[in-house]
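Chain by chain, the residues run as shown.
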Amino acid sequence: AQSVTQPDIHITVSEGASLELRCNYSYGATPYLFWYVQSPGQGLQLLLKYFSGDTLVQGIKGFEAEFKRSQSSFNLRKPSVHWSDAAEYFCAVGPGGTGKLIFGQGTTLQVKP
Amino acid sequence: SQTIHQWPATLVQPVGSPLSLECTVEGTSNPNLYWYRQAAGRGLQLLFYSVGIGQISSEVPQNLSASRPQDRQFILSSKKLLLSDSGFYLCACVPGTVDTDTQYFGPGTRLTVL
């Protein structure tokens, strides 16, 4: 079955520290992978996406993610977290285009001053 | 680029009352449109999607229905709301032209059923 797992429900990091949010997927075909961010009470904003090519992708707000096919993972990273990064982060997988996305349960990031 | 509007932003309704949530899209033509529900503490659940006017696919059997009367308008409805219909409803689109591989989301509607 197709699925996305975000193992960490909550993560707390200090401002200025590095961040890694984990995402593992199960998908039969070559997946299109996405990371979205949601601030409280808001819609989802696309951070980055991977379709093919270079397995390290750069996104907005200083985020990057690395696709590792052998581990079925697409972890999100940021070298130095800012207080404004506090939000909920969703990993998603799908065929892209007219297809439907499968979302993980989300990881809530809290940033300590 | 596309812009997605959702109306209303917040809604409080009694159990058994009807529901109509509207999603409109600007800046693209012939988009694919999606309705998601996000319950408290849970991820996103796809409810309906549409590839064109009058074409609706339902993902989960439930108390809700969807319609697409115009190319860039997507409506979520219910005849009688249940307590379990409470949640955050998000409309999303895949633009019909340039970027056909990514879903973009609207600001959402917070629905509370009392």
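A brief report on the enclosed structure follows. (Residues numbered from 1 in each chain as written. Chains lettered and ligands numbered in written order. Predicted model: local features only at pLDDT ≥ 70, side-chain atom pairs only at ≥ 80, totals over all residues. Heavy atoms only, no water.)

## A short note on the overall build of chain A
Phase 1 of the analysis: When you go through chain A residue by residue, the secondary structure sums to 0 helices and 12 strands.
Phase 2 of the analysis: When its helices and strands are written in sequence order, chain A yields β-β-β-β-β-β-β-β-β-β-β-β.
Phase 3 of the analysis: Over its C-alpha atoms chain A spans a radius of gyration of 13 Å, differing by no more than 12% from the 13 Å that the globule rule assigns to 113 residues.
Phase 4 of the analysis: For the C-alpha atoms alone, the extent of chain A along its principal axes is close to 40 × 30 × 20 Å.
Phase 5 of the analysis: Put simply, of all contacts in chain A between residues at least 6 apart along the chain, 53% involve residues at least 24 apart.
Phase 6 of the analysis: Of the roughly 5400 Å² that chain A leaves accessible, carbon and sulfur atoms contribute 49%.
Phase 7 of the analysis: Across chain A, the mean location of the 9 positive side-chain charges is 5 Å away from that of the 8 negative side-chain charges. (Helix = DSSP H or I, 4+ residues; strand = E, 2+ residues; numbered from the N terminus. Rg over C-alpha atoms; globule rule 2.2 N^0.38 Å. Contact = heavy atoms within 4.5 Å. Areas by Shrake-Rupley, 256 points an atom, 1.4 Å probe, with all protein chains shown as cover. Lys, Arg positive; Asp, Glu negative; His and termini not counted. Charge placed at Lys NZ, Arg CZ, Asp CG, Glu CD.)

## What to know about the sheet that holds strand β7 (residues 65-70) of chain B
All names here are of chain B.
Phase 1 of the analysis: Taken in spatial order, the 4 strands of this open sheet run β1-β3-β8-β7, and their pairing is antiparallel. The open sheet has two edge strands, β1 (3-7) and β7, and neither has a second partner. Going across the sheet, the axis of each strand differs from the next one's by a mean of 20°, ignoring polarity.
Phase 2 of the analysis: By the bridge criterion, 4 bridges tie β7 to strand β8 (residues 73-78) in an arrangement that is antiparallel. Bridge pairing in β8 links A66 to L76. (Pairing = 2+ DSSP bridges. Axes fitted to C-alpha atoms, helices over the stretch in contact; angles between N-to-C directions.)

## Topic: the side chain of Q6 of chain B
All names here are of chain B.
Phase 1 of the analysis: Structurally, the position occupied by Q6 is in strand β1.
Phase 2 of the analysis: Q6 sits in the buried class, given a relative accessible area of 10%.
Phase 3 of the analysis: Engagement of the side chain of Q6 in a polar contact is seen with the backbone oxygen of Y89, the distance being 3.0 Å.
Phase 4 of the analysis: Here the side chain of Q6 touches C91 through a polar contact of 3.0 Å, landing on its backbone nitrogen.
Phase 5 of the analysis: In this view, Q6 contacts E22, W35, Y89, L90, C91, G106, P107, G108 and T109; residues no more than four positions away in its chain are not counted. (Buried < 20%, exposed > 50% of the residue type's maximum accessible area, 1.4 Å probe, protein only. Polar contact = N/O pair within 3.5 Å; in protein donor to acceptor, adjacent residues only side chain to side chain.)

## Remarks on the pairing of strand β2 (residues 10-14) of chain A
All names here are of chain A.
Phase 1 of the analysis: Burial along β2 is one-sided: I11 and V13 are buried, and none of H10, T12 and S14, which face the opposite way, are.
Phase 2 of the analysis: Two strands pair when backbone bridges link them, and β2 and strand β12 (residues 107-112) are joined in this way by 5 bridges, in the parallel orientation. Along β12, the bridge assignment pairs S14 with K112.

## Remarks on unusual backbone geometry
Phase 1 of the analysis: In this model, W7 of chain B is joined to P8 of chain B through a cis peptide bond whose omega is -5°.
Phase 2 of the analysis: Its location among the elements puts P8 of chain B in the loop between β1 and β2 (10-13).
Phase 3 of the analysis: The phi angle at S72 of chain A is positive, at roughly 50°, despite the residue not being glycine.
Phase 4 of the analysis: Along the chain, the position of S72 of chain A falls in the loop between β8 (64-68) and β9 (73-78).
Phase 5 of the analysis: What makes S72 of chain A partly exposed here is its relative accessible area of 26%.

## Some words on the nonpolar core
Phase 1 of the analysis: Judged by nonpolar contacts, the single largest core of 27 residues is most densely connected at L19, W35, L47, L48, F74, L76 and Y89 of chain A.
Phase 2 of the analysis: Of all the secondary-structure elements, those providing two or more residues to this core are β2, β3 (19-21), β5 (32-38), β6 (44-50), β8, β9, β10 (87-94) and β12 of chain A.
Phase 3 of the analysis: Apart from residues no more than four positions distant in its own chain, L47 of chain A is found in contact with W35, Y36, V37, G59, I60, K61, F63, L76 and Y89 of chain A.
Phase 4 of the analysis: Counting residues in hydrophobic clusters, the runner-up holds 20 residues, among them I4, F48, L81 and C93 of chain B. (Core = buried A, V, L, I, M, F, W, Y, C linked by side-chain atoms within 4.5 Å.)

## A closer look at the layout of surface pockets
Phase 1 of the analysis: One number sums up the size of the second largest pocket: a volume of about 220 Å³.
Phase 2 of the analysis: Forming the walls of the second largest pocket are F103 and Q105 of chain A together with R37, A39, R42, G43, L44, Q45, S84 and S86 of chain B.
Phase 3 of the analysis: Of the residues belonging to the lining of the second largest pocket, the class tally is 3 nonpolar, 5 polar and 2 charged. (1 Å grid on protein atoms, 1.4 Å probe; cavity = no way out; pocket = protein on both sides within 12 Å on 5 of 7 lines; lining within 4 Å. Points joined across faces, edges and corners; volume = space filled by probe spheres on them. Nonpolar A, V, L, I, M, F, W, Y, C, P; charged D, E, K, R; others polar.)

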